[in-house]
Amino acid sequence: MIRLFETIRAKLESGARISDAEALALFECNDLLTVGELAALANRRRNGDKVYFNINRHINYTNLCVNRCTFCAFCKGEEDEGCYTLALNDILAKAGEAAAAGATELHMVGGLHPELPFDFYLEMLAALRADCPRLHLKAFTAVEIDYFARLTEQSVEQVIAELQQAGLGSMPGGGAEILGARVREKICPEKISGERWLEVTEKVHRAGLKTNATMLFGHVEEYADRVDHLARLRRLQDRTGGFQAFIPLAFQPDNTRVPGARGVGGVDALKTLAISRIYLDNFRHIKAYWVMLGLKIAQVALAFGVNDLDGTVVEEKIGHDAGADSPQALSKEQLCTLIRKAGRVPVERDTLYRELRAY
Ligand code: V47
């Protein structure tokens, strides 16, 4: 073990990357504090003491979805109680409130709606851009882009161009789950394959849009599946440089249907964030999404290689429908206090990581 840590420390200090076998060995080791210290070293070399957050708002325009991912408590069918689709006016009202509260970003994702035409999404973006021109529109995922392409019988490139034209500014990192087929078969058999997620994401990057990448962990996957996931992301990032942040999402089990799912403890969450930081040498940012992690683990994660806490969020459904016991929203002051009490410097950023203000 000591030899492994020495090798990795030397690699981090010389800017070399760690291998898949080394990442797996880190997952299998029990020395959480040393893994965390190595991750903190990797982060400090890149990002110093700064921890980023943004003022944002989530809008989930519909929970209707033609897929039935077993990990998802948010998606509903048309026959289900609690299914909804927001009217454009409601979306605009939420966006207006966000803009008035100082938000710089709307984060918008939803289910794969069985009936809404592609024009709905184009009109939504265009109306939001007209009403709130200062809000960056970060919306959809590779899964939705693929769906729109099939819906309209257009190429992925054409769909991306139309969304960009309507106001799309970047994409969040959802839908990646675990990219390997064996796990995907169990947790999201109807969703596009991991290969397709990577292929669509590459096209989005080639069109000049930045995206994030996520990994849903703590259900039925093995450590080797996590390493394989990280490896595929690192290879794509080598080709495009289009990823901004990596976000490990801790699985929330309530109201889900994953047979044998484990759930995520604090040790596993911190280890996964730390190893992501060490392994993904070509990602600038590792985000601790406090909604899924809880506030205390997200705060401790700042000593384990993390340099981003996401944002104010305001109205969160995907994690809370699955039992997340974090708050629905955090204020800018609460985020700053969390970061400061971890001994770090809070910096408000915009979606593209331009620094807006240090606190
Ligand atoms: O793709 C669904 C995950 C994702 C559960 O890019 C679950 O900045 C935990 O991608 N337990 C959507 N996770 C959320 C997402 C995201 C969130 C915050 C920031 C960014 C970003 C992206 O949520 C889905 C899926 O992987 N998810 N169900 C669950 N039960």
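What counts and what doesn't
- Residues numbered from 1 in each chain as written.
- Predicted model: local features only at pLDDT ≥ 70, side-chain atom pairs only at ≥ 80, totals over all residues.
- Heavy atoms only, no water.
- Helix = DSSP H or I, 4+ residues; strand = E, 2+ residues; numbered from the N terminus.
- Contact = heavy atoms within 4.5 Å.
- Buried < 20%, exposed > 50% of the residue type's maximum accessible area, 1.4 Å probe, protein only.
- Lys, Arg positive; Asp, Glu negative; His and termini not counted.
- Salt bridge = Lys/Arg side-chain N within 4 Å of Asp/Glu carboxyl O.
- Axes fitted to C-alpha atoms, helices over the stretch in contact; angles between N-to-C directions.
- Parallel < 35°, antiparallel > 145°, perpendicular 65-115°, else oblique.
- Left-handed = near helix turned anticlockwise from the far one by under 90°.
- Nonpolar A, V, L, I, M, F, W, Y, C, P; charged D, E, K, R; others polar.
- Core = buried A, V, L, I, M, F, W, Y, C linked by side-chain atoms within 4.5 Å.
- UniProt positions renumbered as here; feature names shortened; annotations may be inferred.
- 1 Å grid on protein atoms, 1.4 Å probe; cavity = no way out; pocket = protein on both sides within 12 Å on 5 of 7 lines; lining within 4 Å.
- Near = heavy atom within 4 Å.
- Polar contact = N/O pair within 3.5 Å; in protein donor to acceptor, adjacent residues only side chain to side chain.
- Areas by Shrake-Rupley, 256 points an atom, 1.4 Å probe, with all protein chains shown as cover.
- Sits in = over half its atoms within 2 Å of the grid points.
- Points joined across faces, edges and corners; volume = space filled by probe spheres on them.
- Phe/Tyr/Trp six-rings, centres within 6.5 Å; stacked < 30°, edge-to-face > 60°.
- Lys NZ or Arg CZ within 6 Å of the ring centre and 35° of its normal.

Asker: Sorry if this is basic, but what is going on with the environment of Leu-295 here?
Answerer: Position of Leu-295 among the secondary structure elements: in helix H13 (residues 295–300). If we ignore the near neighbours within four places in the chain, the residues touching Leu-295 are Trp-290, Pro-327, Leu-330 and Leu-338.

Asker: Would you take a moment to explain the side chain of Arg-277 for this structure?
Answerer: Summarising the element assignment, Arg-277 is placed in helix H11 (residues 266–279). Despite its burial, Arg-277 pairs with no opposite charge, the nearest such side chain being Asp-281 at 7.0 Å.

Asker: What am I meant to see in the packing of helix H7 (residues 156–166) against helix H9 (residues 194–206) here?
Answerer: For any two helices packed against each other, one specifies the crossing angle of their axes together with the interaxial distance. It is the contact of H7 with H9, at a shortest axis distance of 10 Å, that shows an interaxial angle of 50 degrees. One finds that H7 runs oblique with respect to H9. Regarding H7 and H9, the two cross each other, and that crossing is right-handed. Between H7, through Val-156, Glu-157 and Ile-160, and H9, the contact on the second element is made entirely by Arg-196, Val-200, Lys-203 and Val-204. Partitioned by chemical class, the residues of the contact of H7 with H9 number 4 nonpolar, no polar and 3 charged.

Asker: In this structure, what is going on with the nonpolar core? I would like to understand it.
Answerer: Nonpolar side chains tend to gather and get buried jointly when the protein is soluble and globular. Core analysis: the biggest nonpolar cluster contains 118 residues, and Met-108, Phe-140, Leu-163 and Trp-197 have the highest contact counts within it. The leading source of residues in this core is helix H5 (residues 118–131), at 8 residues.

Asker: Got a minute to help me understand the UniProt feature "binding site: [4Fe-4S] cluster" (unreviewed entry) in the chain in this structure?
Answerer: UniProt records the feature "binding site: [4Fe-4S] cluster" (unreviewed entry) at Cys-65, Cys-69 and Cys-72, using the numbering of this structure. Checked against the lining of the largest cavity, the annotated residues reduce to Cys-65, Cys-69 and Cys-72. On the secondary structure map, Cys-69 appears in the loop between strand S2 (56–59) and helix H4 (88–100). Apart from residues lying up to four places away in sequence, Cys-69 is in contact with Ile-187, Cys-188, Glu-190, Lys-191 and Arg-257. Residue position: Cys-72 is located in the loop between S2 and H4. Not counting residues up to four positions away in its chain, the partners in contact with Cys-72 are Asn-255, Thr-256 and Arg-257.

Asker: Would you mind showing me how to read the site of the ligand here?
Answerer: Around the ligand sit 24 residues in total, of which Lys-138, Gly-173, Gly-175, Glu-177 and Lys-287 are the nearest. Note that an oxygen atom of the ligand is positioned 2.8 Å from one of the side-chain N or O atoms of Lys-138. The separation between an oxygen atom of the ligand and a polar side-chain atom of Lys-287 is 2.7 Å. Taking 620 Å² as the accessible area of the ligand by itself, protein coverage stands at 95%. Judged by the fraction of its atoms near the pocket grid, the ligand is located in the largest cavity. Those elements giving two or more residues to the shell around the ligand turn out to be strand S5 (211–217) and strand S6 (243–250).

Asker: What should I look at first to understand empty space enclosed by the protein in this one?
Answerer: Take a probe with the size of a water molecule and roll it over the atoms, and the empty space left behind shows itself. In total, this model carries 2 cavities of 30 Å³ or more according to the counting rule given. Val-109, Gly-174, Gly-175, Glu-177 and Ile-318 are the residues nearest the centre of the largest cavity, which is lined by 41 residues in total. The class makeup of the residues in the lining of the largest cavity is 20 nonpolar, 14 polar and 7 charged. Broken down by secondary-structure element, the contributors of at least two residues to the lining of the second largest cavity are H9 and S5. Of the residues in the lining of the second largest cavity, the class split is 4 nonpolar, 6 polar and no charged.

Asker: Could you clarify how one ought to interpret the packing of helix H3 (residues 32–47) against H11 in this entry?
Answerer: Packing of H3 against H11 brings their axes to within 8 Å, and their N-to-C directions diverge by 40 degrees. Here H3 is positioned oblique relative to H11, judged by the angle of their axes. Between H3 and H11 lies a crossing of left-handed hand. For the pair H3 and H11, the contacting residues are Leu-32, Val-35, Gly-36, Leu-38, Ala-39, Ala-42, Asn-43, Arg-46 and Asn-47 in the first and Val-267, Leu-270, Lys-271, Ala-274, Ile-275, Arg-277 and Ile-278 in the second. Residue composition of the contact of H3 with H11, grouped by class: 10 nonpolar, 3 polar and 3 charged.

Asker: Looking at this structure, how should I read the packing of aromatic side chains?
Answerer: Both the distance between ring centres and the angle between the ring planes are used here to describe each pair of aromatic rings. Throughout the structure, instances matching the rule amount to 14 aromatic pairs. A ring pair is formed by Phe-118 and Phe-148, whose centres lie 5.2 Å apart and whose planes are at 45 degrees; its orientation type is tilted. Within this pair, whereas Phe-118 is found in helix H5, its partner Phe-148 is found in helix H6 (residues 142–152), the two being separated by 30 residues in sequence. Of the residues examined, Phe-118 reaches a relative accessible area of 6% and is grouped as buried. Overall, Phe-148 belongs to the buried group, its relative accessible area being 1%. What links up through ring pairs into an aromatic cluster is the set Tyr-61, Phe-118, Phe-120, Tyr-121, Phe-140 and Phe-148. A cation over a ring is seen here: Arg-234 above Tyr-279, with NZ or CZ 3.7 Å from the ring centre. If you follow Arg-349 out to its NZ or CZ, it ends over the ring of Tyr-353, 4.2 Å from the centre.

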